[in-house]
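# Working through the structure, step by step
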Amino acid sequence: MDLHFGDAEPTAEERAAVDALLGPPATAWEGGDRTAADLRSAARAEQARDRLLPALHAVNDRVGWISDGALTYICRRLTIPPAEAYGVASFYSLFSLEPRPPRVLHVCTDLACLAKGVREVRDGVPSPCLGLCERAPAALALEAGETPKAVVYGGSTAEDETPHTVERPEPPVEDAVPQAGSPGLVLLGRIGVVDPASLDDYRANGGYQALRRAFELGPVGVIREVTEAGLVGRGGAAFPTGRKWDATARQPDQPHYLVCNADESEPGTFKDRVLMEGDPYALVEAMTIAAYATGCRKGYLYIRGEYPRATRALETAIETARARGLLGPRVLGHDFAFDIELRRGAGAYICGEETAIFNSIEGYRGEPRTKPPFPVEKGLFGKPTVVNNVETLVNVLPILLTGGSDTKLFCVSGSVGRPGVYELPLGTPLRELIDLARPAGTLKAVLLGGAAGSFVTDLDVPLSFEGTRAAGATLGSGVVMVLDEEVDLPAFLVRIAAFFRDESCGQCVPCRVGTVRQEEALHRLGRRRSEADLVLLREVGQTMRDASICGLGQTAWNAVESAIDRLGAFK
Amino acid sequence: MQPPRRLIDVEIDGAAVRVPEGSTVLDACRTAGKDIPTLCHGDTLTPKNACRVCVVEVEGSRTLAPACSRTAEAGMVVATDTERARHSRKVVLELLASSTDLSTTPRAKEWMADYGADPARFGEEAATVAQPPKVDNDLYVRDYGKCILCYKCVDACGEQWQNSFAISVAGRGFDATISTEFDVALTDSACVYCGNCVEVCPTGALSFKTEFDMRAEGTWDESEQTTTTTICSYCGVGCNLTLHVQDNKIVKVTSPHDNPVTHGNLCIKGRFGYGYV
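For chain A, the name recorded in an unreviewed UniProt entry is NADH-quinone oxidoreductase subunit F, with Nonomuraea africana as its organism. As recorded by UniProt, the Sequence similarities (unreviewed entry) comment attached to chain A reads in full: "Belongs to the complex I 51 kDa subunit family."

## Re the overall build of chain A
Assigned secondary structure in chain A consists of 21 helices and 13 strands. The C-alpha radius of gyration computed for chain A amounts to 24 Å, which stays within 12% of the reference 25 Å derived for 571 residues, consistent with globular compactness. Dimensions of chain A along its principal axes, counting C-alpha atoms only, are 75 × 60 × 50 Å. Taking all 571 residues of chain A together, 62% fall into the buried category. Long-range pairs, those at least 24 residues apart, make up 69% of the contacts in chain A with a sequence separation of at least 6. For chain A, the exposed area adds up to about 20700 Å²; of that, 50% sits on carbon and sulfur atoms.

## What to know about the sheet that holds strand β1 (residues 7-12) of chain B
All names here are of chain B. Strand order in the open sheet made by the five strands is β2-β1-β5-β3-β4, with mixed pairing throughout. A single partner strand is all that each edge strand has here, and the edge strands are β2 (15-20) and β4 (65-66). Relative to β2, β1 is paired through six bridges, and the arrangement is antiparallel. By the bridge assignment for β2, I12 is matched with A15.

## Remarks on the packing of aromatic side chains
Under the definition given, this model contains 20 aromatic pairs over all chains. Pairing Y86 of chain A with F182 of chain B gives two aromatic rings, centres 5.0 Å apart and planes at 45°, and the pair type is tilted. Of this pair, Y86 of chain A sits in helix α5 (residues 82-89) while F182 of chain B sits in the loop between β8 (177-179) and α5 (196-200), which puts the two residues in different chains. Residue classification places Y86 of chain A among the buried positions, given a relative accessible area of 14%. Seen in terms of ring centroids, F208 of chain B and F272 of chain B are 4.8 Å apart; in terms of plane orientation they differ by 40°. Their pairing is tilted. Of this pair, F208 of chain B sits in strand β9 (residues 206-208) while F272 of chain B sits in helix α7 (residues 268-272), placing them 64 residues apart in sequence. Its relative accessible area of 11% is what places F272 of chain B among the buried residues. Among the aromatic residues, those joined into a cluster by ring pairs are F215, Y292, F336 and F338 of chain A. A cation over a ring is seen here: R49 of chain A above Y364 of chain A, with NZ or CZ 3.9 Å from the ring centre.

## Structural notes on unusual backbone geometry
A cis amide bond, omega -5°, links K371 of chain A with the succeeding residue P372 of chain A. Residue placement: P372 of chain A occurs in the loop between α13 (356-362) and β8 (385-389). In this model, P372 of chain A is joined to P373 of chain A through a cis peptide bond whose omega is 0°. Turning to its location among the elements, P373 of chain A is positioned in the loop between α13 and β8. Of note in the backbone geometry, Y208 of chain A takes a positive phi value of approximately 65° without being a glycine. Secondary-structure assignment places Y208 of chain A in the loop between α7 (199-204) and α8 (209-228). You can call Y208 of chain A buried: its relative accessible area is 1%. We note that D183 of chain B has phi near 55°; this positive angle belongs to a residue other than glycine.

## Here's the deal with empty space enclosed by the protein
All names here are of chain B. If you walk through the whole model with that rule in mind, you get six cavities of 30 Å³ or more. Of the volumes computed, that of the largest cavity is approximately 130 Å³. What lines the largest cavity is a set of 19 residues, and nearest its centre among them are Y140, C157, I167, C191 and C197. The element best represented in the lining of the largest cavity is helix α4 (residues 152-157), accounting for three residues. Reported here for the second largest cavity is a volume of approximately 100 Å³.

## What to know about the sheet that holds strand β6 (residues 296-303) of chain A
All names here are of chain A. Strands sit in the order β7-β6-β5-β8 across an open sheet of four strands; the sheet is parallel. Each edge of the open sheet carries a strand with a single partner, namely β7 (339-344) and β8. With direction set aside, neighbouring strand axes in the sheet form an average angle of 20°. In terms of strand pairing, β6 meets β7 through six bridges, oriented parallel. Paired with K298 across the strands is D339, a residue of β7. Packing of helix α9 (residues 241-249) onto the sheet brings it into contact with β5 (256-262) and β8, and relative to β8 it is tilted by some 160°. Contacts between helix α12 (residues 308-323) and the sheet are confined to β6 and β7, with β7 contributing the most and set at about 160° to the helix.

## Some thoughts on the pattern of salt bridges
Between side chains of opposite charge, a pair can form when the charged atoms approach closely. All names here are of chain A. Scanning all chains against the criterion turns up 59 salt bridges over all chains. R495 is the partner of D110 in a salt bridge, and the nearest nitrogen-oxygen pair spans 3.7 Å. On the criterion of sequence distance, the pair formed by D110 in the loop between β1 (103-108) and α6 (111-115) and R495 in helix α17 (residues 489-503) is long-range, its members being 385 residues apart. Taken as a pair, D110 and R495 share a single burial class, namely buried. Between R324 and D200 there is a salt bridge, with its nearest N and O atoms 2.6 Å apart. Here R324 is found in the loop between α12 and β7, whereas its partner D200 is found in helix α7, with 124 residues between them in sequence. Judged by relative accessible area, D200 falls into the partly exposed class, the value being 47%.

## Digging into the layout of surface pockets
Looking at the second largest pocket, its volume works out to about 1300 Å³. Along the wall of the second largest pocket there are 40 residues; nearest its centre are N359 of chain A together with K48, D155, E159 and Q160 of chain B. Of all elements in the fold, only α5 and α13 of chain A together with α4 and β7 (168-170) of chain B reach the threshold of two or more residues within the lining of the second largest pocket. A breakdown of the residues in the lining of the second largest pocket according to their chemical character gives 13 nonpolar, 15 polar and twelve charged.

## Focus: the interface of chain B and chain A
Listed as interface residues are 48 residues of chain B and, on the opposing side, 52 residues of chain A. Summing the contributions of chain B and of chain A, the shared interface buries around 4000 Å²; its carbon and sulfur component is 56%. Here chain B is connected to chain A by five salt bridges. In this structure, the salt-bridge partner of K90 of chain B is E539 of chain A, at a minimum N-O distance of 3.0 Å. Inspection of the region where chain B meets chain A yields 24 residue pairs in polar contact (both at pLDDT 80 or more). The set of elements that each furnish at least two residues to the side of chain B that touches chain A consists of α2 (83-99) and β7 of chain B. Top element by residues in the side of chain B that touches chain A is α2 of chain B. It accounts for ten residues.

## Let's talk about the pairing of strand β12 (residues 249-254) of chain B
Residue and element names in this part refer to chain B. Burial within β12 is extensive, with five of its six residues counted as buried. The pairing of strand β11 (residues 240-246) with β12 spans five bridges and is antiparallel. Along β12, the bridge assignment pairs T242 with T254.

## Overview of the side chain of T392 of chain A
Residue and element names in this part refer to chain A. Positionally, T392 belongs in helix α14 (residues 390-402). By relative accessible area, T392 is classed as buried at 2%. Here the side chain of T392 touches R234 through a polar contact of 2.8 Å, landing on its backbone nitrogen. If near-sequence neighbours (up to four positions away) are discounted, T392 is found in contact with L231, V232, G233, R234, G235 and T241.

## Re the environment of T128 of chain B
All names here are of chain B. Inspection of the secondary structure puts T128 in the loop between α3 (108-115) and β6 (140-142). Given the relative accessible area of 42%, T128 is considered partly exposed. Note: C-alpha distance between T128 and A113 (15 residues apart in sequence) is 21 Å. Those residues within four positions of T128 in sequence are excluded, and the remaining contacts are S98, S99 and F174.

Thresholds, definitions, all that
- Residues numbered from 1 in each chain as written.
- Chains lettered and ligands numbered in written order.
- Predicted model: local features only at pLDDT ≥ 70, side-chain atom pairs only at ≥ 80, totals over all residues.
- Heavy atoms only, no water.
- UniProt positions renumbered as here; feature names shortened; annotations may be inferred.
- Helix = DSSP H or I, 4+ residues; strand = E, 2+ residues; numbered from the N terminus.
- Rg over C-alpha atoms; globule rule 2.2 N^0.38 Å.
- Buried < 20%, exposed > 50% of the residue type's maximum accessible area, 1.4 Å probe, protein only.
- Contact = heavy atoms within 4.5 Å.
- Areas by Shrake-Rupley, 256 points an atom, 1.4 Å probe, with all protein chains shown as cover.
- Pairing = 2+ DSSP bridges.
- Phe/Tyr/Trp six-rings, centres within 6.5 Å; stacked < 30°, edge-to-face > 60°.
- Lys NZ or Arg CZ within 6 Å of the ring centre and 35° of its normal.
- 1 Å grid on protein atoms, 1.4 Å probe; cavity = no way out; pocket = protein on both sides within 12 Å on 5 of 7 lines; lining within 4 Å.
- Points joined across faces, edges and corners; volume = space filled by probe spheres on them.
- Axes fitted to C-alpha atoms, helices over the stretch in contact; angles between N-to-C directions.
- Salt bridge = Lys/Arg side-chain N within 4 Å of Asp/Glu carboxyl O.
- Nonpolar A, V, L, I, M, F, W, Y, C, P; charged D, E, K, R; others polar.
- Buried area = accessible area lost by both parts, 1.4 Å probe.
- Polar contact = N/O pair within 3.5 Å; in protein donor to acceptor, adjacent residues only side chain to side chain.

In structure tokens form, the structure reads like this:
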């Protein structure tokens, strides 16, 4: 490729940050020193587009922002057109293309934190849901430097006026699991019981027995057991996992890829975070089993950028598993090679969409792709790919050991005394879950499924995929956000609309403009009731649902619609 | 020459249509004589299906399908004119017209009338992408207040045709724009001024500087223009040029999209080097 690069030079620090990731440049063509040999031959760098996101992270982590010179240097190293790299860098909210101080406080202003009283942000930048809803209101400070730091703040109260000035150690993971240590837990059984960093602890508590069983069963046997257990995806769409695995395994095109979707960003969702922080080896083992069943040699674990503790836990787990022969050329001594590459997102809800995640990993803007073709046929790098959410994968372990758990994780937040992740059998009435979490105040409604979900008032609705569907709602990613009479519903709806406007990738018109028009109409309705605006909301909502490319636009009107129809908002 | 393709049967609004395998639903609709509006679809580019004005109902599909990119399958049942499809087209046109200047988009006015689109109902405060035009060179102008973000210019500049990669979509959501790196002027970018982006732009957001200036003066008048297709004299490739002439002066150069060699693409000389004529 004959690319045009500007004259901007990287600073020594920026260069060092990129070189630490990619190694020193081999030639002057890649931004190294000019040697006599370079003048004789037109050597050029290999294109390595998929290293773009890690390289942008490297600079942003070290310096706090990405300058013209740094971007140009990354482009030279990876043979990427600067305009395209700029398009990618400007897509993600955690990257800055303007100078900014090394320490940035991201203050969550999203639904759970809003319900807990966050109103305005004084000394930080407003952030979409940080997935710390059990500790709402929450904030995350990211500090750039040679050793970048990330500090999480949660549970600050009105008396605690300036939470960000005091660094406190994060509470243990099990604090997010009110049922921790109870005997009936399957998916959460090891949280708070094992040391998340210790592989030996994990093995002493049943770890890697499922993988041994998988090797006994063979790939076809594993898929049969997963299919017979009736496992469906826990990321929101509830697609049968066995069918997805089987379809991928059968694809003749090689190689196959596994992608674990850990870009948990639905407002109100934090179950995957808790699983990864408290039981990281379970995910590594489950990914290994999924890869074995579907014939993948390489797996990508795409974790959201706002999850520093989960990222650290998984880095340790993957390294340890590799060192102990549980990942690598011969897993557990079998003729099966598999390894996991951890990829950090950079602040984009849309990258949790199953095809946007491919573009993000490949180094393109995280825009969803058109389906068909579906990922099982043409996914990551155009190859057959199986994409599963964290909770879905972790469910595979009990399926292979005991035939399955039939439980589901729920993220309870809002007006309750014991917020956190709960594990209950599918079909448990909503009332039972809320009672467990000790409701505070007079209940007004429950938001099921997050911003893309809907409000319900009937507490007898069974928490199962079919039960919620029959009630015109969705389990989605398991969000159960309890709202009491104190909640400012119009403001809450505006926040939902603002979330979708901010997170729309901008690719298709219904979502790009529709989410803006939805927010504008809700602002107007908050000031005065207007039949015309209600009609407008419905018409725009229907168009977003019918004509958007992906699930983001298609669900952007769900919660608002249910608030109008079921809660009588703007009556 | 393409090898012969198998024919498949598709049903469009109740009528049986036979199209070659690999055709899009849009191809089938056009074969059936249906006039489906399109904006981001380009006859020389891979469909991006970003604008969604061409959505139709495909039986068995939960959402509406973009006709321009969905491949027609044997036995597919398509409805192009249902209330649901018309509703989406109407609202999409309203969303576009309320945020973007469509005054130079061919057929926009006609479609808005056809579908009863009323962009004014979003109110005067409705956010728009209005911004001053970027005039940073003598050859063409980028007026992004008219841009619907169809990606055609990016695709024409990038790997589909020119391989210059001077522009990309930057930013996200409603704030997304077509941009060079760090929004530098075209003269500092990788642009080679082939003008192939201007050729594919469906809204007039990209236009010849001559056209832009004449529109500003109020002298641009397409009814007074004649077009002549000739062969470029600069090199031996033999690209076809269509010269648009008003008042005996060349005001714009395009190239026929059905030319098997160039598919409407030119270089800077063919596109802009007419000063000597």
